[in-house]
Amino acid sequence: MKLLATKIKDCYLVTSTSINDDRGSFTKIYHRDSFFSQDVELSFKEQYITVSNKNVLRGMHFQLPPYDLSKLITCFSGSVLDVVLDLRVNSPNFLQYDSFKLIGKDKQTLVVPHGVAHGFISLEDNSGMLYSTTCEYNSNHDEGISWNSFDFKWPCNKPILSERDQNHIILSDFKSPFRI
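Rules behind the numbers
- Residues numbered from 1 in each chain as written.
- Predicted model: local features only at pLDDT ≥ 70, side-chain atom pairs only at ≥ 80, totals over all residues.
- Heavy atoms only, no water.
- Phe/Tyr/Trp six-rings, centres within 6.5 Å; stacked < 30°, edge-to-face > 60°.
- Helix = DSSP H or I, 4+ residues; strand = E, 2+ residues; numbered from the N terminus.
- Buried < 20%, exposed > 50% of the residue type's maximum accessible area, 1.4 Å probe, protein only.
- Pairing = 2+ DSSP bridges.
- Contact = heavy atoms within 4.5 Å.
- Axes fitted to C-alpha atoms, helices over the stretch in contact; angles between N-to-C directions.
- Patch = residues over 30% accessible without salt bridge, like charges linked within 9 Å, V, L, I, M, F, W, Y side chains within 5 Å.
- Areas by Shrake-Rupley, 256 points an atom, 1.4 Å probe, with all protein chains shown as cover.
- Salt bridge = Lys/Arg side-chain N within 4 Å of Asp/Glu carboxyl O.
- Core = buried A, V, L, I, M, F, W, Y, C linked by side-chain atoms within 4.5 Å.

1. Observations concerning the packing of aromatic side chains
On inspection of all chains with the given rule, the structure shows six aromatic pairs. Here the aromatic rings of tyrosine 97 and phenylalanine 152 are separated by 5.4 Å at their centres, their planes lie at 85°, and the arrangement is edge-to-face. One end of the pair, tyrosine 97, is in strand β9 (residues 97–103); the other, phenylalanine 152, is in the loop between β13 (142–144) and α2 (163–166), with 55 residues separating them in the sequence. Assessed through its relative accessible area of 10%, phenylalanine 152 is described here as buried. An aromatic cluster is present here, built from Tyr97, Trp147, Phe150, Phe152 and Trp154 joined pairwise through their rings.

Okay, here's the thing in structure tokens:
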């Protein structure tokens, strides 16, 4: 397991090695000691699975303090273009974004720190994502930034969006409470 720093502070792409044999494969996507060596402290409270059809866009999601959370996100089937947007006002990467193509067969994992919005677009049908979060879901603190209100060029002009994701605030109107 190897943590690779991204251009967003405290955000890491995790590469794991799979053991393959005639039964299939076995992959470890998280080991506490590997993450602590990078000063990444994760203690999980909830897990979720999403399965999305091609061109479904989910995001850009986060929770406001005191229910802000970090996420460990793994693509386990299909493929997605995963996007993070730094909303932490004192971050060296404030309002910058980064993107990662996560492919299920590669069992790639992304660490998204609190204060960073997260979203993805499914690049093929049956793209499966596993989310582990460090805080429980709180509907009163659940927020998002409109997917098309920052400079990222999504690979689909008319993605499939939930009603919730269609109604997120635009980035220029968001007053961030996040700090590093």
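From this point on, the discussion continues.
2. Examining the pairing of strand β4 (residues 24–27)
Pairing of strand β3 (residues 18–21) with β4 involves four bridges; the strand directions are antiparallel. Paired with serine 18 across the two strands is threonine 27, which belongs to β4. Adjacent in sequence and paired antiparallel, β3 and β4 are bridged by two residues.

3. Re the environment of alanine 117
Topologically, alanine 117 is positioned in strand β11 (residues 116–122). For the pair alanine 117 and glutamine 63, spaced 54 residues apart in the sequence, the C-alpha separation amounts to 8.7 Å. Apart from the residues within four sequence positions on either side, alanine 117 is in contact with Met60, His61, Phe62, Val83, Val84, Leu85 and Leu87.

4. With respect to the sheet that holds strand β2 (residues 12–15)
Read from one edge of the open sheet, six strands run β1-β2-β10-β7-β12-β5, paired in antiparallel fashion. Only two strands of the sheet have a single neighbouring strand rather than two, namely β1 (2–5) and β5 (46–52). Between one strand and the next, the sheet's axes are offset by a mean angle of 25°, whatever the strand orientation. Taken together, the four bridges between β1 and β2 define a ladder with antiparallel strand orientation.

5. What to know about a nonpolar patch on the surface
Judged by side-chain polarity, Ile49, Val51 and Phe76 come together as a nonpolar surface patch covering roughly 280 Å² of accessible area. Within the fold, valine 51 resides in strand β5. According to the relative accessible area criterion, valine 51 is partly exposed, its value standing at 48%.

6. A closer look at the nonpolar core
Among the nonpolar cores identified, the biggest contains 19 residues, and Met60, Phe62, Leu85, Leu87, Ile145, Phe150 and Trp154 are the most heavily contacted of them. Counting residues per element, the ones that place at least two in this core are β6 (57–63), β8 (79–86) and β11. In this structure isoleucine 145 touches Gly59, Met60, Phe62, Leu85, Leu87, His168, Ile169, Leu171 and Phe174, once residues within four positions along its chain are discounted. Judged by nonpolar contacts, the second largest core, of 15 residues, contains Val80, Leu110, Val116 and Tyr131.

7. Thoughts on the pattern of salt bridges
Opposite charge on two side chains permits them to pair, given that their charged atoms come into close proximity. Inspection of every chain in the model, using the stated rule, returns eight salt bridges. In this structure, aspartate 106 engages lysine 105 in a salt bridge whose closest nitrogen and oxygen atoms are separated by 3.7 Å. Accessibility expressed as a relative area gives 67% for lysine 105, which makes it exposed. Salt-bridge contacts for arginine 164 lead to aspartate 142; the nearest nitrogen and oxygen are separated by 2.7 Å. Taken together, the positions of arginine 164 in helix α2 and aspartate 142 in strand β13 put the pair 22 residues apart, joining distant regions of the chain. Look at arginine 164 and you get partly exposed, because its relative accessible area is 35%. A residue is classified by how much of its surface remains accessible, and aspartate 142, at 18% relative accessible area, is buried.

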